[in-house]
Amino acid sequence: MSDRAILERGLLTEPGRTDLRLEYAELLAAEGAYGDALRQYDLALESDDSLASAHVGAARCLIALRRTKEAARRYTKARRLPGFQPAAELEELLEEANARPFRVIHGREKGTADIVDIRAYLPPSIGFDDVVGMDAIKRTLRMQIVEPFLNPALFRRYEKKVGGGVLLYGPPGCGKTLLARALATECRAEFIPVAIGDVLSVWLGMSEANLAELFVHARATAPSVLFFDELDALGCSRAKASSETARTVVNEFLAQLDGFESNDGVLVLAATNMPWDVDPAMKRPGRFDRQIFVAPPDVNARAKMLAMKLADVPVEPFGYRELARRLPHYSGADIDGLVDQAKEYALDEMLQSGQERPLGLRDFQRALEHTEPSMLEWLDTARERVSSSSGERRYKEVADYLRDAQPY
Ligand SMILES: Nc1ncnc2c1ncn2[C@@H]1O[C@H](COP(=O)(O)OP(=O)(O)O)[C@@H](O)[C@H]1O
Ligand SMILES: [Mg+2]
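Since this is a predicted model, take the numbers as computed values, not measurements.

### Some details on the overall build of the chain
- For the chain, the helix and strand inventory stands at 20 helices and seven strands.
- Residues counted as buried form 35% of the 408 residues belonging to the chain.
- Considering only residue pairs separated by 6 or more positions, the chain has 70% of its internal contacts joining residues 24 or more positions apart.

### Section: the site of ligand 1
- Around ligand 1, the structure places 17 residues, and the nearest of them are Val132, Gly175, Lys176, Thr177 and Gly332.
- Residue classes in the shell around ligand 1 are distributed as 10 nonpolar, five polar and two charged.
- Domain assignment of the residues forming the shell around ligand 1 places at least three in each of domain 2 (128–293) and domain 3 (299–368).

### Let's talk about the pairing of strand 3 (residues 166–169)
- Burial along strand 3 is two-sided: the face carrying Val166 and Leu168 and the face carrying Leu167 and Tyr169 are both buried.
- As defined by bridge partners, strand 3 adjoins strand 6 (residues 266–272) across four bridges and the pair is classed as parallel. Its bridge partner being in strand 6, Tyr169 is matched across the sheet by Thr272.
- Where strand 3 and strand 7 (residues 290–293) come together, four bridges link them in parallel fashion. Residue pairing for strand 7: Leu168 is matched across the bridge by Ile292.

### Here's the deal with unusual backbone geometry
- With phi around 50°, Arg188 is a residue other than glycine that occupies positive phi space.
- Tracing the sequence through the fold places Arg188 in the loop between helix 9 (176–186) and strand 4 (190–195).
- Phi is positive for His329, which is not a glycine, with a value near 70°.
- Along the chain, His329 falls in the loop between helix 15 (320–325) and helix 16 (332–353).
- Given 19 C-beta atoms within 10 Å, His329 falls into the partly exposed group.

### Let's talk about the nonpolar core
- Ranked by internal contacts, the top residues of the largest apolar core, which has 57 residues, are Leu168, Leu183, Val225, Phe227, Leu267 and Leu269.
- Mapped onto the domain boundaries, this core takes at least three residues apiece from domain 2 (128–293) and domain 3 (299–368).
- Not counting residues up to four positions away in its chain, the partners in contact with Leu183 are Leu141, Ile145, Val225 and Leu269.
- Membership of the second largest hydrophobic core comes to 23 residues, among which are Leu7, Ala25, Ala44 and Ala59.

### Overview of the packing of helix 16 against helix 17 (residues 361–369)
- It is the contact of helix 16 with helix 17, at a shortest axis distance of 8 Å, that shows an interaxial angle of 115°. Seen along the crossing, helix 16 lies across helix 17 with a hand that is right-handed. Contact residues: Leu338, Gln341, Ala342, Tyr345 and Ala346 in helix 16; Asp363, Phe364, Arg366, Ala367 and Leu368 in helix 17.
- Among the residues making up the contact of helix 16 with helix 17, the classes are represented as seven nonpolar, one polar and two charged.

### Describing the environment of Val225
- Mapped onto the elements of the fold, Val225 is located in strand 5 (residues 224–229).
- C-alpha of Val225 to C-alpha of Gly265: the two residues are 40 residues apart in sequence and 8.4 Å apart in space.
- With residues up to four places along the chain from it excluded, the contact list for Val225 reads Leu183, Ala184, Cys187, Ala189, Phe191, Ile192, Leu267 and Leu269.

### Thoughts on the confidence of the model for the chain
- Confidence in the prediction of the chain, expressed as mean pLDDT, is 82, and 81% of residues score 70 or more.
- Note on residues 99–123: pLDDT is under 50 here. Beyond four places in sequence and across chains, it has 55 contacts.

Definitions and cut-offs
- Within each chain, residues carry numbers counting from 1 in the order of the written sequence.
- To read the labels, note that chains go from A and ligands from 1, taken in the order they are written.
- Selection of residues for local features in this predicted model requires a pLDDT of at least 70, selection of side-chain atom pairs for listing and counting requires 80 or more, and totals for whole chains, interfaces and linings are taken over all residues.
- Each helix is a run of DSSP H or I of at least 4 residues and each strand a run of E of at least 2, with the numbering of both proceeding from the N terminus.
- Counting other C-beta atoms within 10 Å of each residue's C-beta, where C-beta atoms are placed from the backbone, gives the exposure class: buried for 20 or more, exposed for 12 or fewer, partly exposed between.
- Placing a C-beta atom from the backbone of each residue, one calls two residues in contact when those atoms lie within 7 Å.
- Placing a C-beta atom from the backbone of each residue, we mark the residue near a molecule or strand if the atom is within 6 Å of it.
- Classification convention: Asp, Glu, Lys, Arg as charged; Ala, Val, Leu, Ile, Met, Phe, Trp, Tyr, Cys, Pro as nonpolar; all other residues, Gly among them, as polar.
- Annotation comment: domain bounds sourced from an automatic or database domain assignment.
- For two strands to be treated as a pair, DSSP must find at least two bridges joining them.
- Buried Ala, Val, Leu, Ile, Met, Phe, Trp, Tyr and Cys residues form a nonpolar core when they are connected through C-beta atoms within 7 Å.
- Between N-to-C directions, angles span 0 to 180 degrees; the directions come from axes that are lines fitted to C-alpha atoms, helices contributing only their stretch in contact.
- Take the far helix as your reference; a near helix turned counterclockwise from it by less than a right angle gives a left-handed crossing, and one turned clockwise gives a right-handed crossing.
- Residue-level confidence of the predictor is what pLDDT reports, using numbers from 0 through 100.

Here it is, written out as structure tokens:
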């Protein structure tokens, strides 16, 4: 029996098998039956609309069917879904179709460039209330950023400086990106995230004109927050940069930052796990001169995170605080992972037994046996970096944190 016949028979007996259906769709597309393939992708999406690969597959079919606009919409949708994998040929075709609102050129040669769509990363709006803990930081940001941003005239009258960049630093998974998004919302500003690590080749290949375009876009959409995630990646690239291009790009970046005083309504934020790898030139006055340590959550914050993440789930009552106490060095992201794992164990059991039951402490105990905090390596590195007296001075808050931290 041919592959195709096997798949068709499988789908006949188990029409809900999305994996089979996707395989079948791929096979049809490979045979050039794009219309049929498209129908299969759509059927798969009927049961789960979040399948990135199905949307990408559908976009490919639509391109083949010369329905470019629809293809662009599908592909743009796929970009926002988990598990999305870019398809170079679609990026290129879509560039020609000019279907997207804003782009950065990826790669050296314009003709062969991949395209990164910045707007595709736009997150739903998240405010300070969605960020657990960090009360002192939120207060500082409100006073130093949000209020000046919302009342520029008042602050100017008192000759209080408005503008300048803010660098958020701290261990991974502890809410830097989350906080940056929340800050944009609080400022009622458009959030424009740029993940430097993901798109480093963009940076290296990006001409100054493209970089300038990013800032121009920020100014044009003001009030806006331009957010550079993983800023250290840029610093590293400069240190290692042998090419003239890379240096030019970094210098252009610095020049754009310096020009920011005159750019009303644009706030520049950056984040890094590795502040010690950030080019010192970035930290000069007027650039990222305000640096904020986003510490790991304490026991109260961890308990609150558990409560928040379990708010809409059937849970048998148990003390979140008690559990939180057993999670030293767990980041917010680690807690997300733990909750997920616990749910998985519980659901697995429910499916086995056929009986629904609430999530309980024992699911978490089981999950705990299989997880580890992800920031231990960061803590080691940080300890090393603050061990010198200059390191201790520069990263005093980190040093203070490490002094009181529980051993691991
Ligand atoms: N303070 C927090 N409050 C609520 N959720 C958090 C917090 N810190 C981290 N998280 C969770 O962990 C995820 C990862 O956090 P993120 O902001 O990406 O970390 P970072 O940028 O510091 O690496 C967030 O999407 C969120 O679900
Ligand atoms: Mg982040």
